[in-house]
Amino acid sequence: MAEELSAVEQLKASRNPLKVIEDIYKEAQEGIPLSADYIGLLKWYGMYPHINGEETEDKKYFMKRIKLVDTKMNLEQLEVMAKIGQDYAQGLVDFTDRQNVQFHFIQIKDMPAILDLLDSVGLTSRMASGDGPRPIMTSAIGGVDPEEIIDASYLVKEVDTYFDQNDDRFCNFPRKYKIGISGCGRHSAAHEIQDVAFTAFNGENDEVLFDLTLAGGLSKSKQIAYRANRYVKPDQVTEVAVVCAEIFRDHGNRANRNKARVRHLVNEWGLEKFVAEIETRLGYELQEGLVEPKITAFENRNHFGIHPAKQEGESFIGFATNSGRVAGEDFKAMSDICNKYNVAGLSLTATQNFIVYGVKNEDAQALADEIDALGYPYAPTPFRARLQSCTGREFCKFGITETKEYAKKVVLELEEKNPNFIENVTIAISGCGNGCSHPQISDIGFVGTKVRDAEGNRVEGYDVILGGQLQGVEGSRIAHKSGVKVQATEVVGFVGDLIASYQADNLGQTTFKDFLNVVELKK
């Protein structure tokens, strides 16, 4: 007997979730209120309600995610995005670890104008979220990196277009479906934590192939992806991505959303059965691939600074944000600077940072200095380079702690108190156990909780997890629980103490990263 569909599944089955756009326009233009039942469907257009003063959801203000298909914005798109940030989002803009832009304080009444602006430059928020294919992770320097294995941008666009044009078949999955397609030599698309990922490498006779990985993911049911032991040719990528989506759509768990990701299905079936079903639906066998390509370690997947581009006479420049938050006025200033030097555009990385590409060599230093002067350095400290934070309780209903503005202060204090620390370190601050800032794969992860202070009061604090890493299927690991909780007010001192302990006794380890994976903390 089939399990009964959950309430949200019944709602999705009642009509194509993307039709909620009609309800958005009815409220904005005709004053017909959006049904409370349909609030959850706004995710299909990247919209999530803010929490209000009573810490409950309402629909006055929303977070809105914009899909950047290949992580890039050209000058026209950048100008429009900056305008939305200032005119409609109260100047609150976030760059995410899935290479999208998120605006805050968006109101439904403004949606027609926002959608017109996006459409005028070929941008969209359609299927930026919801239970379907999410924006595809890829290299932020695809097509401009002289060291890339292949410019996979065309494949990203091809797969995204296929899903978009066949939305009636691919808009209602059991849960989200996250893909990565990358030709980056530094493996910057985090393939190890995607539902399905294609990672380029050079095979025999320099043939470009993609290593297929399946069933990765974080949140509470976290796991590193499996290698499918199959290599995929470039002209097979779209077919494989679509077939995997069909399998997930047809067989994923619709009765329990906590067990409704690709990894749950693969774990239930077994990897061999899932791969066999892929090949059955394809109608042909994929090339066997028993050897994992050499994969870059997580801490070395950066592109900060000025680099020569593939295009003669041009450079690309990598910059760091502070915890992913960008002030609306800064976003506008970035757009103005990019226009001033007539660059090709700006792209987003998987670490809440950004790259300006298509910069004339003679302009590169001047542009780098101007954006640096805004507070976005191209030679960042280790703390600014790789400290990530989620939305937190400022806007998110799941948030236990406030993270984004708090994390910005943490970065500044860590820089001030540890000026001579130069080793790579990844730090993530998450407002809850869902871990949207990726504490599970960070050297130091802070997961929001409540703790008791010296007077016994419940205050904001963090569970500490240590030793996360990405380096392919073989070299990756999920951070382990330390058993230690710290108050939010003590985080900076806690990190400083870890650094001091490492410098006093490195426990036989050659790097701070390795030290963090073996050190035992006093509980």
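Fair warning: this is a prediction, and the values are worked out from it, not measured in the lab.

Draft legend 1. Focus on the nonpolar core. Counting residues in each nonpolar core, the largest one holds 59 residues, and the members touching the most others are Met81, Phe103, Phe331, Phe354, Val356 and Leu367. Here this core gets 6 residues from one element, more than from any other, and that element is helix 3 (residues 75-87). Ile150, Ala152, Ala200 and Leu212 belong to the second largest nonpolar core, which has 41 residues in total.

Draft legend 2. Structural detail: the sheet that holds strand 17 (residues 427-430). Strand order in this open sheet of 5 strands is 16-17-18-19-20, and the pairing throughout is mixed. Strands at the two margins of the open sheet, each flanked by one partner only, are strand 16 (387-389) and strand 20 (480-487). Averaged over all pairs of adjacent strands, the angle between strand axes in this sheet comes to 25 degrees, irrespective of strand direction. Both strand 19 (residues 458-466) and strand 20 contribute to a ladder of 5 bridges, which runs antiparallel. Bridged to Tyr462 within strand 20 is Val486. Helix 15 (residues 491-504) contacts strand 18 (444-452), strand 19 and strand 20 of the sheet and is inclined by roughly 135 degrees relative to strand 18.

Draft legend 3. Structural view of the side chain of Gln469. By the secondary structure assignment, Gln469 is in the loop between strand 19 and helix 14 (472-475). There is a polar contact of 3.1 Å between the side chain of Gln469 and the side chain of Lys513.

Draft legend 4. Representation of the pattern of salt bridges within the structure. Counted according to the given criterion, the structure contains 31 salt bridges. Between Arg230 and Glu279 there is a salt bridge whose closest N-O contact spans 2.8 Å. Here Arg230 is found in strand 9 (residues 226-232), whereas its partner Glu279 is found in helix 9 (residues 271-282), with 49 residues between them in sequence. Of the residues examined, Glu279 reaches a relative accessible area of 13% and is grouped as buried. One continuous salt-bridge network, built from bridges that share partners, spans Glu9, Lys12, Asp131, Arg254 and Arg257.

Draft legend 5. Spotlight on helix 5 (residues 153-165). Taking 1.5 Å of rise per residue, the 13 residues of helix 5 would be expected to cover 18 Å, and the 18 Å separating its terminal C-alpha atoms lies within 8% of that figure. Taken together, the buried positions of helix 5 are occupied by Ser153, Leu155, Val156, Val159, Asp160 and Phe163. The arc that holds every buried residue of helix 5, seen down its axis, measures 165 degrees, which confines them to one face. Next to the buried residues of helix 5 lie strand 3 (72-74), helix 6 (167-170), strand 6 (179-182), strand 8 (208-214) and helix 7 (237-251).

Draft legend 6. Looking closely at the sheet that holds strand 7 (residues 196-202). Spatially, 6-7-8-9-10 is the arrangement adopted by the 5 strands of the open sheet, whose pairing is mixed. With one partner strand each, in any of the chains shown, strand 6 and strand 10 (287-288) form the two edges of the open sheet. Along the sheet face, helix 5 touches strand 6 and strand 8 and points at about 150 degrees away from the line of strand 6.

Draft legend 7. View of empty space enclosed by the protein. Considering all chains together, one arrives at 4 cavities of 30 Å³ or more under this definition. By volume, the largest cavity is sized at about 240 Å³. Contributing to the lining of the largest cavity are 23 residues, with Ser188, Arg301, Thr349, Ala350 and Thr351 lying nearest its centre. Tallied by class, the residues present in the lining of the largest cavity amount to 10 nonpolar, 10 polar and 3 charged. In this structure, the second largest cavity occupies an estimated 60 Å³ of space. Together, Lys67, Met127, Pro133, Arg134, Pro135, Ile136, Asp160, Phe163 and Asp164 line the second largest cavity. Among the residues forming the lining of the second largest cavity, the class breakdown is 5 nonpolar, no polar and 4 charged.

So, how was this worked out
Residues numbered from 1 in each chain as written. Predicted model: local features only at pLDDT ≥ 70, side-chain atom pairs only at ≥ 80, totals over all residues. Heavy atoms only, no water. Core = buried A, V, L, I, M, F, W, Y, C linked by side-chain atoms within 4.5 Å. Buried < 20%, exposed > 50% of the residue type's maximum accessible area, 1.4 Å probe, protein only. Helix = DSSP H or I, 4+ residues; strand = E, 2+ residues; numbered from the N terminus. Pairing = 2+ DSSP bridges. Axes fitted to C-alpha atoms, helices over the stretch in contact; angles between N-to-C directions. Contact = heavy atoms within 4.5 Å. Polar contact = N/O pair within 3.5 Å; in protein donor to acceptor, adjacent residues only side chain to side chain. Salt bridge = Lys/Arg side-chain N within 4 Å of Asp/Glu carboxyl O. Expected span 1.5 Å × (residues − 1). Arc of directions from axis to C-beta. 1 Å grid on protein atoms, 1.4 Å probe; cavity = no way out; pocket = protein on both sides within 12 Å on 5 of 7 lines; lining within 4 Å. Points joined across faces, edges and corners; volume = space filled by probe spheres on them. Nonpolar A, V, L, I, M, F, W, Y, C, P; charged D, E, K, R; others polar.

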